Amino acid sequence: MSNKLDFITYLKSTLTAASVKLLAANPTNTATAGRLDQIVRTAGDNVSDGYWPRIAPLYEPFAPKLQLAVMHLNADIIAGLKSVPDFDAYFAMLASEVQT
């Protein structure tokens, strides 16, 4: 369970960092930053229990494939290519990305 909580914390921190970067940009991108903040606000410690088994094998050790999947998913959300309403949907999309 600790690994799952650590990974959720990692995901929230990457999304928060991306939001801060968008707000500091010139011009600011408040709409996209708001969408990222919404994903983070909806995160909980017990989110997406069904998806963790798909991600867990790539977490120990933290595999480059998983890091790339997080980076690409975040980039797609920021670019407006993918949309997720909350953290559960974000986690589900990430789980499907690592399966391909």
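1. Side note on the nonpolar core
One broad rule of soluble globular proteins: the nonpolar side chains tend to lie buried together.
For step 1, the next point in the chain: Ranked by internal contacts, the top residues of the largest apolar core, which has 28 residues, are Phe7, Leu11, Ile55, Phe87, Tyr90, Phe91 and Leu94.
For step 2, the next point in the chain: Looking at this core, the elements with two or more residues in it are α1 (2-24), α2 (30-41), α3 (52-59), α4 (64-79) and α5 (87-99).

2. Topic: the confidence of the model for the protein chain
For step 1, the next point in the chain: Taken as a whole, the protein chain shows an average pLDDT of 89; of its residues, 93% reach a score of 70 or greater.
For step 2, the next point in the chain: Averaged over each element, pLDDT in the protein chain is lowest for α3 (86) and highest for α2 (95).

3. As for α1
For step 1, the next point in the chain: Taking 1.5 Å per residue, 23 residues should reach 33 Å; α1 reaches 33 Å between its end C-alpha atoms and fits that length.
For step 2, the next point in the chain: All of the buried residues in α1 are Lys4, Phe7, Ile8, Leu11, Leu15, Ala18, Ser19 and Leu22.
For step 3, the next point in the chain: Of the surrounding elements, those touching the buried residues of α1 are α2, α3, α4 and α5.

4. Here's the deal with unusual backbone geometry
With glycine set apart, most residues show a phi of negative sign, and most peptide bonds adopt trans.
For step 1, the next point in the chain: The residue after Asn26, namely Pro27, is reached through a cis peptide bond having omega 5°.
For step 2, the next point in the chain: Tracing the chain through its elements places Pro27 in the loop between α1 and α2.

Reading guide: rules and limits
Residues numbered from 1 in each chain as written. Predicted model: local features only at pLDDT ≥ 70, side-chain atom pairs only at ≥ 80, totals over all residues. Heavy atoms only, no water. Core = buried A, V, L, I, M, F, W, Y, C linked by side-chain atoms within 4.5 Å. Buried < 20%, exposed > 50% of the residue type's maximum accessible area, 1.4 Å probe, protein only. Helix = DSSP H or I, 4+ residues; strand = E, 2+ residues; numbered from the N terminus. pLDDT = per-residue confidence, 0-100. Expected span 1.5 Å × (residues − 1). Contact = heavy atoms within 4.5 Å.

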